[in-house]
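Letter by letter, the chains look like this.
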Amino acid sequence: MASTYKTNYLGLNKFVGSDKPKMDDFNFDNETLDQKFQEHVQSSLHITEEERQMLGKSNYVIGTYTGNGESPRTIDVGFNVEFGIIFALEEPISMLHASAGVTGIYAAFITQQGCSKGVYTTENGFIVQQTSINPPDGKKCMLNQSGSTYIYWLFPKKA
């Protein structure tokens, strides 16, 4: 005899003291559990083996460089950058230099689809610019100012 009650989600047997379970009842529950477990394992809810291996590895690089005033300057990090952020330590993202009539740009974003003013991707890293004259658009790149420390946070392009 099947159970008096069933579980809400899978419909498994919930026996009470007066029920007389049979082997078929247990076999039904086992088959149901096995089927649901197999559906779960084969679903897209699980990560691939490659993704599982990547979990133990950081997929970004944080580094620094000290500005030397050169423009352009190539920063070689050994990989093609998918996405990145560069900023000058202890400087705002941008700052208006009212006396010169320009805005200094001290941070930039890197993407494969395009980059902020003053930075470009290369096969093994990125190129930064340091503007020495006041540009016509009033936006002065300050991404390699001599003596300033810059921090970059980069994500490698997937192979």
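Computed from a prediction, not measured in an experiment: that's the story for all the values here. (Residues numbered from 1 in each chain as written. Predicted model: local features only at pLDDT ≥ 70, side-chain atom pairs only at ≥ 80, totals over all residues. Heavy atoms only, no water.)

Considerations on the overall build of the protein chain
Part 1: From N to C terminus, the protein chain includes two helices and 13 strands.
Part 2: Whereas a compact globule of 159 residues would reach a radius of gyration of roughly 15 Å, the protein chain reaches 30 Å, over 25% beyond that.
Part 3: By principal-axis analysis of the C-alpha atoms, the protein chain measures approximately 90 × 30 × 25 Å.
Part 4: Summing over all exposed atoms, the protein chain offers an accessible surface of approximately 10,800 Å²; the carbon and sulfur share of this is 54%.
Part 5: Considering the protein chain, the positive charge centre built from 13 side chains and the negative charge centre built from 17 side chains are found 4 Å apart. (Helix = DSSP H or I, 4+ residues; strand = E, 2+ residues; numbered from the N terminus. Rg over C-alpha atoms; globule rule 2.2 N^0.38 Å. Areas by Shrake-Rupley, 256 points an atom, 1.4 Å probe, with all protein chains shown as cover. Lys, Arg positive; Asp, Glu negative; His and termini not counted. Charge placed at Lys NZ, Arg CZ, Asp CG, Glu CD.)

Looking at the pairing of strand β10 (residues 119-122)
Part 1: The pairing of β10 with strand β11 (residues 125-128) spans four bridges and is classified as antiparallel. Its bridge partner being in β11, T122 is matched across the sheet by G125.
Part 2: Connecting β10 to the antiparallel partner β11 that follows it, the hairpin turn spans two residues. (Pairing = 2+ DSSP bridges.)

Concerning the sheet that holds β10
Part 1: The strand order across the open sheet built from three strands is β4-β11-β10, with neighbouring strands paired in antiparallel fashion. Strands at the two margins of the open sheet, each flanked by one partner only, are β4 (73-76) and β10. Strand-to-strand twist in this sheet, taken as the mean axis angle between neighbours without regard to direction, amounts to 25°. (Axes fitted to C-alpha atoms, helices over the stretch in contact; angles between N-to-C directions.)

Examining a nonpolar patch on the surface
Part 1: Together, Y60, I62 and W153 line one region of the surface with nonpolar side chains, adding up to about 310 Å² of accessible area.
Part 2: You can see I62 is positioned in strand β3 (residues 61-66).
Part 3: Relative accessible area serves as the criterion here: at 56%, I62 is assigned to the exposed category. (Patch = residues over 30% accessible without salt bridge, like charges linked within 9 Å, V, L, I, M, F, W, Y side chains within 5 Å. Salt bridge = Lys/Arg side-chain N within 4 Å of Asp/Glu carboxyl O. Buried < 20%, exposed > 50% of the residue type's maximum accessible area, 1.4 Å probe, protein only.)

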